[in-house]
Amino acid sequence: MAAAPEPVLILGGGLMGLAIAHQLARRGESVLVLSRRRSEAAGFVAAGMLAPHAEGLRGDLLALGQASQARIPAWVAQIEADSGLPCGLRPCGIVVPFASVEERDAYPTAGCGQPLDRQALEREVPGIGASWAAGLLFEQDGQIDNRRRLMRALERACVELGVTFQEGTEVLGLERDGVGALQAVQLRNAAGEAQRLPAERAVLTCGAWSAQLLPELPIAPVKGQMLSLQGPRQALGRVIFGPGTYLVPREDGLLVVGATSEADAGFSEGLTPVGQRQLQDGIAALLPAASHWPPMERWWGFRPCTPDEAPLLGTSPIPGLWLAAGHHRNGVLLAAITAELLGREISPTGPPANNLDLTLPSGRPWQQAFGWDRFAGEGRS
Ligand code: GLY
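Worth saying up front: this structure is predicted, and the values here are computed from it rather than measured.

A. Spotlight on the packing of helix α1 (residues 15-26) against helix α6 (residues 146-160). At a closest axis distance of 9 Å, the pairing of α1 and α6 adopts a crossing angle of 35°. Viewed along their axes, α1 and α6 form a crossing whose handedness is left-handed. Of α6, the residues touching α1 (which contributes Leu15, Leu18, Ala19, Ala21 and His22) are Leu150, Met151, Leu154, Glu155, Ala157 and Cys158. Residue composition of the contact of α1 with α6, by class: nine nonpolar, one polar and one charged.

B. Inspection of the site of the ligand at higher detail. In the vicinity of the ligand, the residues found are Met49, Glu55, Tyr246, Ala259, Arg303 and Arg329. Separating an oxygen atom of the ligand from a side-chain N or O atom of Tyr246 is a distance of 2.4 Å. Backbone polar atom of Arg329 to a nitrogen atom of the ligand: 2.6 Å apart, as the coordinates give it. Notes on the ligand: free accessible area 200 Å², of which the protein chains cover 88%. Along the lines of polarity and charge, the residues of the shell around the ligand split into three nonpolar, no polar and three charged.

C. Main features of the sheet that holds strand β12 (residues 194-198). Read from one edge to the other, the open sheet built from three strands follows the order β10-β11-β12, with strand pairing classed as antiparallel. Strand pairing shows two members of the sheet lacking a second neighbour, β10 (170-176) and β12, which therefore form its edges. Neighbouring strand axes in the sheet, compared pairwise and without regard to direction, differ in orientation by 25° on average. Two strands pair when backbone bridges link them, and strand β11 (residues 182-188) and β12 are joined in this way by five bridges, in the antiparallel orientation. Within β12, the position partnered with Ala184 by the bridge is Pro198.

D. Structural context of helix α8 (residues 273-286). In this model, α8 (14 residues) spans 20 Å end to end at C-alpha, consistent with the 20 Å of a helix rising 1.5 Å per residue. Among the residues of α8, Gly275, Gln276, Leu279, Gly282, Ile283 and Leu286 are the ones counted as buried. Buried residues along α8 cover an arc of 120° about the axis, so they all sit on one side. The outward face of α8, more than 90 degrees from its buried face, is lined by the exposed residues Pro273 and Val274. In the core, the buried residues of α8 are packed alongside β5 (94-98), β14 (220-230), β15 (239-241), β16 (246-249), β17 (254-258) and β18 (295-305).

E. Looking closely at the packing of aromatic side chains. What the rule picks out here adds up to five aromatic pairs. Relative to Phe267, the ring of Trp209 lies with its centre 5.2 Å away and its plane at 20°, an arrangement referred to as stacked. Here Trp209, found in the loop between β13 (202-204) and α7 (210-213), pairs with Phe267, found in the loop between β17 and α8; they are 58 residues apart in sequence, far enough to count as distant. Accessibility expressed as a relative area gives 15% for Trp209, which makes it buried. Aromatic side chains Phe267 and Phe302 sit 5.3 Å apart centroid to centroid with 65° between the ring planes, which places their arrangement in the edge-to-face category. Note that Phe267 is positioned in the loop between β17 and α8 and Phe302 in strand β18, a separation of 35 residues in sequence.

F. Geometry of the nonpolar core. Core analysis: the largest hydrophobic core is formed by 54 residues, its most contacted members being Trp75, Val203 and Leu342. At ten residues, helix α9 (residues 331-346) tops the list of elements feeding residues into this core. With near-sequence residues (within four places) excluded, Leu342 lies in contact with Ile20, Val203, Leu313, Gly314, Trp322, Leu323 and Ala324. If you look at the next biggest cluster of nonpolar residues, it comprises 27 residues, including Val185, Leu187, Leu197 and Ala202.

Criteria and thresholds
- Residues numbered from 1 in each chain as written.
- Predicted model: local features only at pLDDT ≥ 70, side-chain atom pairs only at ≥ 80, totals over all residues.
- Heavy atoms only, no water.
- Axes fitted to C-alpha atoms, helices over the stretch in contact; angles between N-to-C directions.
- Helix = DSSP H or I, 4+ residues; strand = E, 2+ residues; numbered from the N terminus.
- Left-handed = near helix turned anticlockwise from the far one by under 90°.
- Contact = heavy atoms within 4.5 Å.
- Nonpolar A, V, L, I, M, F, W, Y, C, P; charged D, E, K, R; others polar.
- Near = heavy atom within 4 Å.
- Polar contact = N/O pair within 3.5 Å; in protein donor to acceptor, adjacent residues only side chain to side chain.
- Areas by Shrake-Rupley, 256 points an atom, 1.4 Å probe, with all protein chains shown as cover.
- Pairing = 2+ DSSP bridges.
- Expected span 1.5 Å × (residues − 1).
- Buried < 20%, exposed > 50% of the residue type's maximum accessible area, 1.4 Å probe, protein only.
- Arc of directions from axis to C-beta.
- Phe/Tyr/Trp six-rings, centres within 6.5 Å; stacked < 30°, edge-to-face > 60°.
- Core = buried A, V, L, I, M, F, W, Y, C linked by side-chain atoms within 4.5 Å.

Structure follows, in structure tokens:
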């Protein structure tokens, strides 16, 4: 009998790891996900905005975000069909408020949105703070309930498709053969024992911790603190994306509020009074009534950030090891396209994916535009 093929190892059980595991399993691959601590995954930390336009992305990153956004309904439908669980996709539109019309018109994605004057802003967001003179409505942007639904559905979909999981496992090192290709990963398992897993193919999806495993990768943590409030159901129909604070209303009235952006915090854990005050001030400025809504939860996490704030996708310095990391503020948005691109790249003989038409404004193929070595010669900041 032929030996069973070695599984593709997914190093990191966050959103990228699960999305790629799901895609590979659909392509007929055997997949093993190694995950350290679920609670630290950025997929559980984020607010779940699907916001290439509201985030004001530009250039190739905007095109990647738009391509992912176009795939999200089918991607979500597939996860829901495979898992039998809802993902909480909500195409509710996002409003970005501005202090002046000039600021609004200078926004990088202004041409993709509907300009709002103060009156229209009040119509879109009843109760919006008095200081906002204008806004942009991006009806094509929205949100997904990443914390409560998407992550769980994706994990269930993976299990249903035969993906296996090893929880509580820390990947300590990557072992290379005589020509430098991946041959094994070294681990510490949940019982604290050292373990060696032979592997010819693996995907590094360790988020903000990726450079601890592969120091060549220019990825650093950017801490974000968040909180949630329980609002009246339907008190807020649209996401409000203000400067420094955004309000993301779930269907049941839960309001997810994000997020600080602390590049100097490193991996320092915990909430800070300054960070929490920033969020409270942001709530008061955006939607004063929400300042009186009961608090539910507070949490923090670490975005994986690269020098140009775009992800590292595709091959790595180690043949056999692929990368899907560094998605910074846009991981939830980019998970669908990341899974599709990596799935096809790692398993080219699998069934054809959707007709992948990804044209970037730079004219470069995505492997180059988002390649890990694109910063060569620029120096590291
Ligand atoms: N996507 C928004 C954030 O990272 O805060």
